[in-house]
Amino acid sequence: MGLAVTVAVLLAATPTFVTRGDVTPEAGLRREAEAAWTALEARYVQEAGGAPAKPPGSIVLQKGAALTPQRNGQGRPGWVELRQNTPGVLDERLRLALRHELAHQLLWWACPQSSEDRLFHEAFAVAVSGELPSWKEGPYLSLSRAASALAVAPEVDTPRARRALARLLNESPGFPPALTRRLRLCQDGARWASPLSIDELAGVGVREARPATVVVSRHSGEVLLSEGDVRRALPYGSVLKPFLYAAGAEHPVLSPRPGVPEWLCGAGLPPKVDARTALLRSCNGYFLDWEARGSAPRAFGAWGPVLASVGLTGLPEDMAEATGLRSTRALSPWGVAQAYRLLAEARPEVVALLADNAARGTLAELPASKSLAGVATKTGTVRDAASRPQFGWIAAVDADLVAVVVRPGAMPRQFADEVPKALARARKQAGLEAARVQVLGLLPAGDVEARCAGAGFSLVEGVPRVGAEAWAPLASLTKRGAAVCLGAPWRVRFPGGPEGGRDYAGVFITSEPPPYRPPPGVPTTPSAMKARRGSDFIFRTTRLRYAAGVVSAEDATLTGEPRVALARVVAHNEQHGHSRHPGRPVCDTTHCQAFRGTVRVRSEDAKALGLAPLKWRRWLTFSQGGQEPWRQARPRAEVERLLGRGLVSLRFAAGRVHYLRAETEGDATFDTARSLPCDLLRSGLKLPSCPRTASFNGASLLFEGRGRGHGEGLDVEAAKASGSRSDVLLENAYGSETK
């Protein structure tokens, strides 16, 4: 690109910088930002080979209100917050922070597909902001120690991790080639198939692999335990054979070939070997002969795109590469765990087959075999030319977790006991079992869209189909099976919702509920009909994530013991929701418990799920409560639509509304007394709580009350003011009875 053209492109692509007057001088700050942006974009154009076609949006520059002591700046798309130590002075520390944060802004604009890759973002920002020389100061840091430090802190949010990152960036002169390659992917609009790895960034292999362990949730997809460099791609041995089995259209029964080393897979091999036995025994000869028959899947079949999306370094050209006999392809422990998560969702019968491995497969007759009973496992061994083990792999799947354990220089049977230990350590966090909730039922199904910032897949009769990277109707993603997002939460949006959508860390399916018929004589609004019907979408996550999401939706300000109490009630109700939707999961509206997606789990949420189950065996009600007085009017016609025409009087007592209606029968007119749960009136009229009084005022009724909610069970506002522990709060709310 010529110089004049480049300058013209850059001038056209400079965003509008908006200041708020809290970082001064404002004009100087804007000039600094414009100059920094021009330099940053010039570097981008030079390395990426061109400039993005779309113009950038405006960027707000303002003073940081809550910056931690080790941060001089932070940002999100369109916003940059800065620390100014002296008003009116744009010192070097501030200008450096500005350049660093604008580097992130440039990537959010020019390379949105990389937005979830924290290492790439931070590496680019450190490389182009001018801060590299400052990190060279201090004692020498070896390359291997730098890689280890980054593996421990992949978020790169500590000074030690930043120094380690700078060490890798300083490994070669000039601009890091790994970043150049990635920036060209940005400019080409290519899919961000896998995050930037430490080895890729350094440009050299950290030759001596170290132990790595990763455990992820089958339900939410979150990483629960990570030890070692779980993102480093390694030769994988036989650990991916289940994906060949899952991809096969047919599984032949084959005869072992005597004297062929690849058929040496354990004593007592039967004269005819089926695919199940070959998988459990890890018989390489079976897979090679299967390929020779011409019926084996090539490049993992439908599972090839799945493995590529989580970092497989290239699709195998033949069965020797697919089974790891030839170590030319690699995948990280994290990538293997993500792929097994999808396999467990798509092909539970394959996982059930692998549950026999500890009894009659490669992990049989070991001291650890008993503790692995019922856990699906697959081993893999990578050997050198002398048949010595270079890496040993074990992938394990139970009802809630996926674990991958890699040990250098060891056979899987030598460290099998570490698998149940890793699962047990992950389970120190309570609430990891599945929770299911009907979601988004008040919306037309066609209005709900979802996208996956990681690798999204729709399952069609057990076969994974790559989901759209852009927003797509959730109904289409779940039309024929589950929708799973690997490496990130689903992002869900709908008209009238938050502009950027909501996070849903878990799995979606479609399941049409039965028709809802309200009880005779019970007034039900159209909105209440939708809520009581339930939803076509069922979302699965962990009980802990579900409980945290409900508490945040009900009262995001709640802290301490009141939050613990409410989280315990929420988790209890998820398992006692039969009164809300018989035979179906709880819903996400106030008919059940409000749920607006998954959020960051707080310490109180984790504590609540770790406490003993509640003793009550029924649905437990709760409300915001409080004593704040309110007065609201409603048209008389709207009230009579719920309670019936001819309304004469209303009074409220013991959670019910008692009212008189004038009725006519022939020539006679008389009053009839009726009663309904007050919550039906409250929800139907959208009142803050069950009223205390109601008075007629011409064509309307004036309701007066206190607090928020139906006024039954746990009063959240009262709990905030009590200072009591959660056990006391719950005992006071629900009494000592257990039925």
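Residues numbered from 1 in each chain as written. Predicted model: local features only at pLDDT ≥ 70, side-chain atom pairs only at ≥ 80, totals over all residues. Heavy atoms only, no water.

Q: Summarise the overall build of the chain; cite the residues concerned and give the values.
A: Secondary structure summary: the chain contains 27 helices and 28 strands in total. The principal-axis extents of the C-alpha atoms in the chain amount to approximately 105 × 80 × 45 Å. By the burial criterion, 51% of the 739 residues in the chain qualify as buried. Sequence separation of 24 or more characterises 66% of the internal contacts of the chain that already satisfy a separation of 6 or more. (Helix = DSSP H or I, 4+ residues; strand = E, 2+ residues; numbered from the N terminus. Buried < 20%, exposed > 50% of the residue type's maximum accessible area, 1.4 Å probe, protein only. Contact = heavy atoms within 4.5 Å.)

Q: Account for the confidence of the model for the chain, with residues named and values stated.
A: The share of residues in the chain with pLDDT of 70 or more is 92%, and the mean pLDDT across the chain is 88. Confidence drops under a pLDDT of 50 for residues 1-11, and excluding neighbours within four residues, the segment shows ten contacts in the predicted structure. (pLDDT = per-residue confidence, 0-100.)

Q: I'd like a description of the sheet that holds strand S8 (residues 389-397), backed by residues and values.
A: Read from one edge of the open sheet, five strands run S6-S5-S9-S8-S7, paired in antiparallel fashion. Edge positions in the sheet fall to strand S6 (223-227) and strand S7 (376-383), since each has one partner strand and no second. Direction aside, neighbouring strands of the sheet carry axes that sit 10° apart on average. Across four bridges, the pairing between strand S5 (residues 212-217) and S6 is antiparallel. Among the inter-strand pairings, Thr213 is bridged to a residue of S6, identified as Glu227. (Pairing = 2+ DSSP bridges. Axes fitted to C-alpha atoms, helices over the stretch in contact; angles between N-to-C directions.)

Q: Run through the nonpolar core, naming residues and quoting values.
A: Note that soluble globular proteins tend to have their nonpolar side chains buried in a common cluster. Residues Tyr286, Phe300, Tyr340 and Trp393 are the most contacted members of the largest nonpolar core, which totals 65 residues. Broken down by element, the residue count for this core peaks at nine residues, all from helix H15 (residues 333-346). With residues near it in sequence (within four places) discarded, Phe300 still touches Tyr236, Leu240, Phe243, Leu244, Ala247, Leu307, Leu312, Pro316 and Ala322. If you look at the next biggest cluster of nonpolar residues, it comprises 56 residues, including Val23, Ala33, Ala146 and Val156. (Core = buried A, V, L, I, M, F, W, Y, C linked by side-chain atoms within 4.5 Å.)

Q: Tell me about the packing of helix H24 (residues 636-643) against helix H25 (residues 678-685), and name the residues and values.
A: Here H24 crosses H25 at 140°, and the two axes come no closer than 10 Å. With respect to H25, the element H24 is oriented oblique. The way H24 lies across H25 gives a crossing that is right-handed. In contact with Glu638, Val639, Leu642 and Leu643 of H24, H25 contributes Leu681, Gly684 and Leu685. Grouping the constituent residues of the contact of H24 with H25 by class yields five nonpolar, one polar and one charged. (Parallel < 35°, antiparallel > 145°, perpendicular 65-115°, else oblique. Left-handed = near helix turned anticlockwise from the far one by under 90°. Nonpolar A, V, L, I, M, F, W, Y, C, P; charged D, E, K, R; others polar.)

Q: Describe the environment of Val405, naming the residues involved and giving the relevant values.
A: Position of Val405 among the secondary structure elements: in strand S9 (residues 401-408). Val405 sits in the buried class, given a relative accessible area of 1%. Sequence-wise, Val405 and Val215 are 190 residues apart; in three dimensions their C-alpha atoms are separated by 8.7 Å. Residues within four places of Val405 in sequence aside, it is in contact with Ala212, Thr213, Gly392, Trp393, Ile394, Phe415 and Val419.

Q: I'd like a description of the side chain of Thr672, backed by residues and values.
A: Within the secondary structure, Thr672 sits in strand S25 (residues 668-677). The buried category is assigned to Thr672, whose relative accessible area is 16%. Side-chain polar atoms of Thr672 contact the side chain of Glu663, separated by 3.1 Å. Excluding its chain neighbours within four sequence positions, the residues that come into contact with Thr672 are Tyr659, Leu660, Arg661 and Glu663. (Polar contact = N/O pair within 3.5 Å; in protein donor to acceptor, adjacent residues only side chain to side chain.)

Q: For the pairing of strand S13 (residues 463-466), give the residues involved together with the corresponding values.
A: Taken together, the four bridges between strand S12 (residues 455-460) and S13 define a ladder with antiparallel strand orientation. Pairing of Phe457 across the sheet is with Val466, part of S13. In textbook terms, the turn of a hairpin is the stretch between consecutive antiparallel strands, and for S12 and S13 this stretch comprises two residues, one of which, Glu461, has a positive phi near 50°.

Q: An account of unusual backbone geometry is requested, with residue identities and associated values reported.
A: Backbone torsion omega between Thr24 and Pro25 reads -5°, so that peptide bond is classified as cis. In this structure, Phe300 is a non-glycine residue whose phi angle is positive, near 70°. With respect to the secondary-structure elements, Phe300 resides in the loop between helix H12 (284-293) and helix H13 (304-309). With a phi close to 60°, Leu440 is a non-glycine residue in the positive phi region.

Q: Just give me the short version of the state of the cysteines, but keep the residues and values in it.
A: Scanning the entire structure with this criterion turns up five disulfides. Between the sulfur atoms of Cys678 and its disulfide mate Cys690 the distance is 1.8 Å. Measuring the twist about the S-S bond at about 105°, one finds the Cys678-Cys690 disulfide to be right-handed. Of this pair, Cys678 sits in helix H25 while Cys690 sits in the loop between H25 and strand S26 (693-697), and the two are twelve residues apart along the sequence. The two residues Cys678 and Cys690 agree in class, both being buried. Here the cysteine-cysteine linkages of the chain are recorded as 1-2, 3-4, 5-6, 7-8, 9-10, numbering only bonded cysteines and doing so in sequence order. (Disulfide = S-S within 2.5 Å.)

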